Amino acid sequence: LPSTPSMDSQLDVEEFLQSMEDYQPTIPDEVTAYYLSRTGFSSSDTKVKRMIALAAQKFVSDIANDAIQYSKIRQQAPGHKSRDKKMVLTIEDLQQSLTDYAISIRKPEYFADRASTTSVPAQSTTSGKEKGKSPAST
């Protein structure tokens, strides 16, 4: 019997599912299982979880590649001052890429990148009769 497109696609699907048993996705099985359980998804089939991990990996990869393209466009724009030829990926590049996928993000209004600059007075370890003296001077 000659093979039909339906039979060929069925064989391709079976071959793909079989390959999922040996495939180790970039996103570990445990991470995929954790997030799937948080959404209410439950399956004991490792192949299904790995297919979902593969789809997530592809999605993240597409977003990152698009962000890189936006970065290249930005760096080649007239008036862009660049001292070196290093690629710099900014939150704006990622924001543009995510907009293509109908995902909106925004930077928080305030972001502290270091500890508070206000000092907290240290508590004294001296006894009551040595008030006014620092522990180093005794």
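Residues numbered from 1 in each chain as written. Predicted model: local features only at pLDDT ≥ 70, side-chain atom pairs only at ≥ 80, totals over all residues. Heavy atoms only, no water.

Concerning the pattern of salt bridges
Thought 1: Applying the stated criterion to the full structure yields four salt bridges.
Thought 2: Between Asp62 and Lys58 there is a salt bridge; the shortest N-O distance is 2.8 Å. Residue Asp62 and its partner Lys58 are located together in helix 3 (residues 46-76), separated by four residues, close to a single helical turn. (Salt bridge = Lys/Arg side-chain N within 4 Å of Asp/Glu carboxyl O. Helix = DSSP H or I, 4+ residues; strand = E, 2+ residues; numbered from the N terminus.)

Looking at the packing of helix 2 (residues 29-38) against helix 3
For any two helices packed against each other, one specifies the inter-axial angle together with the distance between the axes.
Thought 1: At a closest axis distance of 10 Å, the pairing of helix 2 and helix 3 adopts a crossing angle of 90°. Of the possible angle classes, the one that applies to helix 2 and helix 3 is roughly perpendicular. Where helix 2 approaches helix 3, its residues Asp29, Thr32, Ala33 and Leu36 are matched on the opposing element by Thr46, Lys49, Arg50, Ile52 and Ala53.
Thought 2: Looking at the contact of helix 2 with helix 3 residue by residue, the classes come out as four nonpolar, two polar and three charged. (Axes fitted to C-alpha atoms, helices over the stretch in contact; angles between N-to-C directions. Parallel < 35°, antiparallel > 145°, perpendicular 65-115°, else oblique. Contact = heavy atoms within 4.5 Å. Nonpolar A, V, L, I, M, F, W, Y, C, P; charged D, E, K, R; others polar.)

Comments concerning the packing of aromatic side chains
Thought 1: Applying the stated criterion across every chain, the model contains two aromatic pairs.
Thought 2: Summarising the aromatic geometry, the rings of Tyr34 and Tyr35 are spaced 4.9 Å apart at their centres and angled 80° between planes, so their arrangement reads as edge-to-face.
Thought 3: Relative accessible area serves as the criterion here: at 43%, Tyr34 is assigned to the partly exposed category.
Thought 4: Among the residues examined, Tyr35 registers a relative accessible area of 51% and is labelled exposed. (Phe/Tyr/Trp six-rings, centres within 6.5 Å; stacked < 30°, edge-to-face > 60°. Buried < 20%, exposed > 50% of the residue type's maximum accessible area, 1.4 Å probe, protein only.)

Details of the environment of Asp93
Thought 1: Its place among the elements puts Asp93 in helix 4 (residues 91-100).
Thought 2: Residue Asp93 is classed as buried on the basis of its relative accessible area of 1%.
Thought 3: Spatially, the C-alpha atoms of Asp93 and Ser71 are 5.7 Å apart, while their sequence positions differ by 22 residues.
Thought 4: In this view, Asp93 contacts Ala67, Tyr70, Ser71, Arg74 and Val88; residues no more than four positions away in its chain are not counted.
Thought 5: A polar contact of 2.8 Å, which involves the side chain of Asp93, links it to the side chain of Arg74. (Polar contact = N/O pair within 3.5 Å; in protein donor to acceptor, adjacent residues only side chain to side chain.)

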